[in-house]
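Working through the structure, step by step
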Amino acid sequence: MIEDLTNERLIHFGFSETQIERLFSWENYSCTVIGNHGYVWASNIEKKIYSGKEGREKHFSKSILPEHHKEPKEKFETFEELFRYAVTLKPCK
């Protein structure tokens, strides 16, 4: 869901006082909370709050972590293919 950036909705989704203050006073600020509502991403650039599927997509598309932007090494058509691959891997110690 995408909605307007408002103080009431930010509180509803569980953003901290610091995050809310920054969203209304800093330039080009965005942040994410992960809680009962899933991923919720807010931005003062777009003046929007993204929750649910949209929030998760925004969070990972804006992530600075490289593993969030890589394609998986292996792709499987069925669960059976995935399972067969998994049993060939060495267990972690």
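Conventions we followed
Residues numbered from 1 in each chain as written. Predicted model: local features only at pLDDT ≥ 70, side-chain atom pairs only at ≥ 80, totals over all residues. Heavy atoms only, no water. Helix = DSSP H or I, 4+ residues; strand = E, 2+ residues; numbered from the N terminus. Buried < 20%, exposed > 50% of the residue type's maximum accessible area, 1.4 Å probe, protein only. Contact = heavy atoms within 4.5 Å. Areas by Shrake-Rupley, 256 points an atom, 1.4 Å probe, with all protein chains shown as cover. Salt bridge = Lys/Arg side-chain N within 4 Å of Asp/Glu carboxyl O. Phe/Tyr/Trp six-rings, centres within 6.5 Å; stacked < 30°, edge-to-face > 60°. Lys NZ or Arg CZ within 6 Å of the ring centre and 35° of its normal. Core = buried A, V, L, I, M, F, W, Y, C linked by side-chain atoms within 4.5 Å.

Thoughts on the overall build of the protein
From N to C terminus, the protein includes 4 helices and 4 strands. Secondary structure elements in the protein, listed N-terminal to C-terminal, are β-α-α-β-β-β-α-α. Taking all 93 residues of the protein together, 26% fall into the buried category. In the protein, 31% of the contacts between residues at least 6 apart in sequence involve partners at least 24 apart. Of the roughly 7,400 Å² of accessible surface on the protein, 53% is carried by carbon and sulfur atoms.

With respect to the pattern of salt bridges
This model, assessed by the stated rule, comprises 4 salt bridges. For Glu3, the salt bridge goes to Arg9, with nearest N and O atoms at 2.6 Å. Judged by its relative accessible area of 15%, Glu3 is buried. Between Lys58 and Glu46 there is a salt bridge, and its shortest N-O distance comes to 3.0 Å. On the criterion of sequence distance, the pair formed by Lys58 in helix α3 (residues 52-61) and Glu46 in the loop between β3 (38-43) and β4 (48-51) is long-range, its members being 12 residues apart.

What to know about the packing of aromatic side chains
Within the structure shown, the criterion is met by 2 aromatic pairs. Between Trp26 and Tyr29 the ring centres are 5.4 Å apart and the planes differ by 75 degrees, which places this aromatic pair in the edge-to-face class. The exposure class assigned to Tyr29 is buried, which follows from its relative accessible area of 12%. The lysine or arginine in question, Lys58, covers the ring of Tyr50, its NZ or CZ lying 4.9 Å from the ring centre.

Comments concerning the nonpolar core
Listed in full, the 12 residues of the largest apolar core are Leu5, Leu10, Phe13, Phe15, Ile20, Leu23, Tyr29, Cys31, Val33, Val40, Ala42 and Ile49. Listing elements by their share of this core, those giving two or more residues are α1 (7-13), α2 (17-25), β2 (30-35) and β3. Ignoring sequence-local partners within four residues, the contact set of Cys31 consists of Phe15, Gln19, Leu23, Val40, Trp41 and Ala42.

Some points on the environment of Ile49
The residue Ile49 is located in strand β4 in this model. Residue classification places Ile49 among the buried positions, given a relative accessible area of 0%. Sequence separation between Ile49 and Leu5 is 44 residues, and the spatial gap between their C-alpha atoms is 5.5 Å. Here Ile49 is in contact with Met1, Ile2, Glu3, Asp4, Leu5, Thr6, Arg9, Leu10, Phe13, Val40, Trp41 and Ala42, once residues within four sequence places are set aside.

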